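# Secondary and tertiary structure notes
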Amino acid sequence: MFSRSTQEAIKVGLAISISIALAIFFQWEKPYWAGITVIVLALNETFGHSMLKGRNRILGTLLGISVGITLVSFFSQDRFLFLSLLTLYLGTCMVLYNHVFYGYAFKISVPVCFIIASIGGFDSVTTFDLVVLRIQETLLGVTVFSFIYRFVWPHNTEEVFFSLFDQLKAKLINIDEQGSSISVHKLRSELEAAKLQAEKLHEILLVPLTHSHTLQNQYELWYKRVMVLVVFIDYRLQCLNASHDCDTPTLNLNKIISSEELRDLNASSERYFSIVESRFHSIEQHVKENYRQQTLSKNNFIRALKGMSMFVTGLMIWIYLPVPIGPMFPMVMGIFSCMLPSLPDEMMKHAFYGVIVFGFVFSAQYVLLMPTFTELWQLCGLYFINTFFLWKIFSSPKYGVYRVLGGNLMMIMTMGALHLTPVYSVDTSISMLVCVMLALLVARFFTDLYKPLLK
């Protein structure tokens, strides 16, 4: 009836609208936190990825709250020590972003920590209320998202896995049977692309397999089948690298991969299968070692240093210049400092233009349209329409940055309308836009400064 992109746009719009409506119904002060939670979860490829990110978002929220409360409780009277520890925590979490299971938890803990440190005002009662509210809003967003994506046009992890597996299997069987007739350049290109697909299959098997009954019940079998494909790709690439004239025998990949027990072998594939057996038993160690190498890489530490430099510069601007919106600016600067360094450098241009366009559109809605609303359904309807067009127009993966930026700006620029007593002030909207632009300029400066070191 509807295309996949239209279905996704409708589901995200429903989840955001319902989250905001429920938060206002429960009389919670910051409904936009629930909306932002839905936006983050909706950016994932499968329901399993979303559940993994939802779990990590809750863990990251708890970690950020714990660190934020500790810093506020013990170091708030010493400005230099407080800000130094906050900067050090930012850098530490950025180094740990590549953790195989909990990377996103470390990433989300930084904004939560900055929110507690910035908005709490060093008041224990206010900080505690903020902590409880943050946990409530996060859980609400995760719950509503899970309900909508489970019952409205469900596309579970299993469907995505088997579709990708069948595509990759067909491609590699063709290479196995017709590889000798394919040019070396084309064969190498196809194998490199296939390697990325195989890594995606392996990644899917690591996420929560909720409602994926076949994968849950036959996990080891499908895990080993993915390893067969991975080793086949490595085998052919090694042969190409060893010699362009390497005459690789047909391994009868179709017969091996179709076997229920993966034991139906012949003489030509026995050595190959022994490699698969070895790879299967050591794959977890291989993955962990790969992530350990990424974490300890020079580029990873440089990105962390770049984020810390951005945050310290933002603090200097906030302390010595008359920046609007008070303590909100270091919070915005901290969030940008932890998120932007991990993005490709070319995304900065898209982020800059996105802020200008989305900032103007949502500010206009906030000042001119929202004050005319008298009913909750009107407000939720506007958020649904905005979200629908964001996800529909920018449905392509290469435009994902616009969905992230547009969704977050939609929540932030109009957050005054979501208070229990709505506040409509053009000054707040313009001040927030100026702070975001200033944060992007600082990010752009350090992106260019550190670019030679990241090559």
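Each residue is numbered by its place in its chain's sequence as written, counting from 1. A pLDDT threshold of at least 70 governs which residues receive local features in this predicted model, and a stricter bar of 80 or more applies before side-chain atom pairs are shown or counted, although totals over entire chains, interfaces and linings include all residues. Hydrogens and water are ignored here; the side-chain numbers use all heavy atoms of the structure.

Charged atoms that come close allow side chains of opposite charge to pair. By definition here, a salt bridge exists when the distance from a side-chain nitrogen of Lys or Arg to a carboxyl oxygen of Asp or Glu is within 4 Å. Tallied over the full model, the rule gives 2 salt bridges. Here R444 makes a salt bridge to D448, at a shortest N to O gap of 3.5 Å. With a gap of 4 residues between them, R444 and D448 both fall in helix α18 (residues 426–450), about one helical turn apart. By definition, any uninterrupted DSSP run of H or I lasting at least four residues is a helix, any uninterrupted run of E lasting at least two residues is a strand, and each is numbered from the N terminus.

Aromatic rings from Phe, Tyr and Trp, taking only the six-membered ring of Trp, are treated as a pair when their centres fall within 6.5 Å; an angle between ring planes under 30 degrees marks them as stacked, one over 60 as edge-to-face, and anything in between as tilted. In the structure shown here, the tally under the stated rule is 16 aromatic pairs. With 5.1 Å between their ring centres and 25° between their planes, F394 and Y402 make a pair best called stacked. Only protein chains enter the area calculation, which uses a 1.4 Å probe; residues under 20% of their type maximum are buried, those over 50% are exposed, and those in between are partly exposed. Judged by its relative accessible area of 18%, F394 falls in the buried class. Among the aromatic side chains, those forming a connected cluster through ring pairs are F358, F362, F394 and Y402. As a reminder, the over-ring test applies to NZ of lysine and CZ of arginine, requiring each to be within 6 Å of the ring centre and within 35 degrees of the ring normal. The ring of W33 carries R134 above its face, with NZ or CZ at 5.1 Å from the centroid.

Considering the arrangement of structural elements, one finds F311 in helix α13 (residues 298–320). The buried category is assigned to F311, whose relative accessible area is 1%. What makes two residues a contact is simply this: any of their non-hydrogen atoms within 4.5 Å. Here F311 is in contact with L86, T87, L90, F114, P330, M333, G334 and S337, once residues within four sequence places are set aside.

For the rest of this paragraph, the subject is a nonpolar patch on the surface. Taken together, the side chains of Y353, I356, V357, F360 and V361 define a hydrophobic patch exposed on the protein surface, amounting to about 500 Å² of accessible area. As for its position among the elements, I356 is in helix α15 (residues 347–369). Exposure above 30% relative accessible area and the absence of a salt bridge qualify a residue for a patch, where like charges join within 9 Å and nonpolar side chains (Val, Leu, Ile, Met, Phe, Trp, Tyr) within 5 Å. Surface accessibility follows the Shrake-Rupley procedure with a 1.4 Å probe radius. Residue values consider only the protein chains on display as shielding.

A few words now on helix α1 (residues 4–25). For α1, with 22 residues, the first-to-last C-alpha span of 31 Å sits near the 32 Å given by 1.5 Å per residue. Of the residues flanking the end of α1, it is Q27, one or two places downstream, whose phi is positive at about 65°. In a helix, the anticipated span is given by 1.5 Å times the number of residues less one.

Another aspect to go through is helix α14 (residues 328–339). In this model, α14 (12 residues) spans 17 Å end to end at C-alpha, consistent with the 16 Å of a helix rising 1.5 Å per residue. Counted residue by residue, α14 has 10 buried out of 12 residues, so it is predominantly covered. Every buried residue of α14 is listed here: M328, F329, P330, M331, V332, M333, G334, F336, S337 and C338. Turning to α14, the residues buried within the fold contact α4 (79–95), α5 (103–119), α13 and α18.

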